[in-house]
Amino acid sequence: MSRYWSEHVAQLTPYTPGEQPRIDRLLKLNTNEHPYGPSPRALEAIRQGAGDALRLYPDNESTALRQAVADHYGVAPGQVMPGNGSDEVLAHVFNALFRHGGRPLLMPDITYSFYKTYCRLFDIPTQLVPLAGDFSIRPDDYLNLPQRPAGIIFANPNAPTGIALGLDDIERIAAGNPDVAVVVDEAYVDFGADTAISLLERCPNIVVIHTFSKSRALAGMRVGYSVASIEITEGLLRVKDSFNSYPLDRLAIAAAVASMEDREYFEAMRRKVIDAREELIQQLETIGFEVLPSRANFVFARHPAHDGGELARALRAQGILVRHFAAPRIDQFLRITVGTPEDCGRLCNTLSELALKTD
Ligand SMILES: *Cc1c(COP(=O)(O)O)cnc(C)c1O
């Protein structure tokens, strides 16, 4: 606490990202980065953009990117709001759509932990809705609510479980709460779930959040966006332009547009990750892990005979980072990013040695 701080700063609990240490031969399976690089066309666009034009401010409306996203999903550019990574898009969404006095924001008890961080930042009360025993979201828990919430948010596929909700269930939740925004964070949707963008015409209260950090392997560029109705997007843009007119720099816009245009590379790389995930799940099950059904580029797994925290520490000692959350209900699980088949092989070899050693 400093006497120079605004009062609310002392009450904040900042989000803790997965660590990014510099260690040789380190296998990073802790932050769900893509094991393969971005599209070569994106890299070429960055090289082309690295010139004299960097004197000039970027396009404050990121027109080319909004158009590329709109073309890809068959929506209007006016339905797309870009941001400096989807975390920034989420911040604007919380600020613009969820600040309704004392009404609470509904979210699963287990989901992306940044949501709670933003609630504290923007002074939004939260109401946690427990996932079912199998860690799935129960749509009925979000229907016939006794009081109108400030809004609803969840990730689909959910993080860190990897479990996906079907579009029919998302539509039920949205249709059952027509007076509030229902935000679906689709950071991992490209690895095997269906996007709720197709529901926007029927459910104008849905807001979909996408990122280039996971399936497009551009975490280092910081690009994300929302897709929603024009009406909602106008509100989001008001907040964005009250905060930062230029969230995306010239290189980020160029890379993101080129990445969207390179559909072939995108399809091939996501297929590789999905195939590696299925192989990883089999290998983990062979070692005795219980693995939740994942539609993401990570798996969430626990071993009946080994403590999750201890396994994470033992892996770290072997130069392999995975994510462990010391949180209720999930503290026995490891969240493991799907790497290349070689990465997954090294992980599983190390895990089976550890499991044998301590048995
Ligand atoms: C990674 C992730 C994000 C943030 O992505 P950025 O675009 O890199 O900020 C948002 N939501 C979920 C669920 C994520 O896993």
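Notes on the structure in this doc start here. (Residues numbered from 1 in each chain as written. Predicted model: local features only at pLDDT ≥ 70, side-chain atom pairs only at ≥ 80, totals over all residues. Heavy atoms only, no water.)

1. Remarks on the layout of surface pockets
Roughly 1,000 Å³ of volume is contained in the largest pocket. Considering the residues around the largest pocket, the lining is formed by 45 residues, among which Tyr15, Thr16, Tyr112, Ser113 and Arg323 are closest to the centre. Those elements that place two or more of their residues in the lining of the largest pocket are α3 (86-97), β3 (105-108) and α4 (114-121). The leading source of residues in the lining of the largest pocket is α4, at five residues. For the lining of the largest pocket, the two domains that each supply at least three residues are domain 1 (9-37 + 264-358) and domain 2 (40-262). As for the second largest pocket, its lining consists of 17 residues, of which Asp179, Val180, Ala181, Glu231 and Ile232 are closest to the centre. Of all the secondary-structure elements, those providing two or more residues to the lining of the second largest pocket are α3 and α6 (230-240). Ranked by residue count, the leading element in the lining of the second largest pocket is α6, at four residues. Broken down by class, the residue content of the lining of the second largest pocket amounts to nine nonpolar, four polar and four charged. (1 Å grid on protein atoms, 1.4 Å probe; cavity = no way out; pocket = protein on both sides within 12 Å on 5 of 7 lines; lining within 4 Å. Points joined across faces, edges and corners; volume = space filled by probe spheres on them. Helix = DSSP H or I, 4+ residues; strand = E, 2+ residues; numbered from the N terminus. Domains from an automatic or database assignment. Nonpolar A, V, L, I, M, F, W, Y, C, P; charged D, E, K, R; others polar.)

2. Description of the site of the ligand
Residues in close proximity to the ligand include Gly85, Ser86, Asp87, Tyr112, Asp185, Ala187, Tyr188, Thr211, Ser213, Lys214 and Arg222, which together make up its full environment. Lys214 is positioned such that a nitrogen or oxygen atom in its side chain is 2.9 Å from an oxygen atom of the ligand. Relative to its unbound accessible surface of 390 Å², the ligand loses 93% to contact with the protein. Placement of the ligand is best described as lying within the largest pocket. Classifying every residue of the shell around the ligand gives three nonpolar, four polar and four charged. (Near = heavy atom within 4 Å. Polar contact = N/O pair within 3.5 Å; in protein donor to acceptor, adjacent residues only side chain to side chain. Areas by Shrake-Rupley, 256 points an atom, 1.4 Å probe, with all protein chains shown as cover. Sits in = over half its atoms within 2 Å of the grid points.)

3. Some thoughts on the sheet that holds strand β8 (residues 224-227)
The strand order β2-β8-β7-β6-β5-β3-β4 describes an open sheet built from seven strands, whose pairing is mixed. In the strand order of this sheet, the two ends are held by β2 (80-83) and β4 (126-129), each with one partner. Here the strands of the sheet are splayed against their neighbours by 20° on average, with no regard to which way each runs. Summarising the sheet, β2 and β8 pair through four bridges and their orientation is antiparallel. Bridged to Pro82 within β8 is Tyr225. Here helix α2 (residues 63-73) sits on the sheet in contact with β2, β7 (206-211) and β8, set at roughly 130° to β2. Running at roughly 25° to β2, α6 makes contact with β2, β7 and β8 of the sheet. (Pairing = 2+ DSSP bridges. Axes fitted to C-alpha atoms, helices over the stretch in contact; angles between N-to-C directions. Contact = heavy atoms within 4.5 Å.)

4. As for the side chain of Asp190
The residue Asp190 is located in the loop between β6 (182-185) and β7 in this model. It turns out Asp190 is buried and unbridged, and the closest side chain with the opposite charge, Arg270, is 4.1 Å from it. Of note is the side chain of Asp190, whose polar atom sits 2.5 Å from the side chain of Ser215. Contact partners of Asp190, with chain neighbours within four places excluded, come to Tyr73, Ser215, Phe266, Arg270 and Ile274. (Buried < 20%, exposed > 50% of the residue type's maximum accessible area, 1.4 Å probe, protein only. Lys, Arg positive; Asp, Glu negative; His and termini not counted. Salt bridge = Lys/Arg side-chain N within 4 Å of Asp/Glu carboxyl O.)

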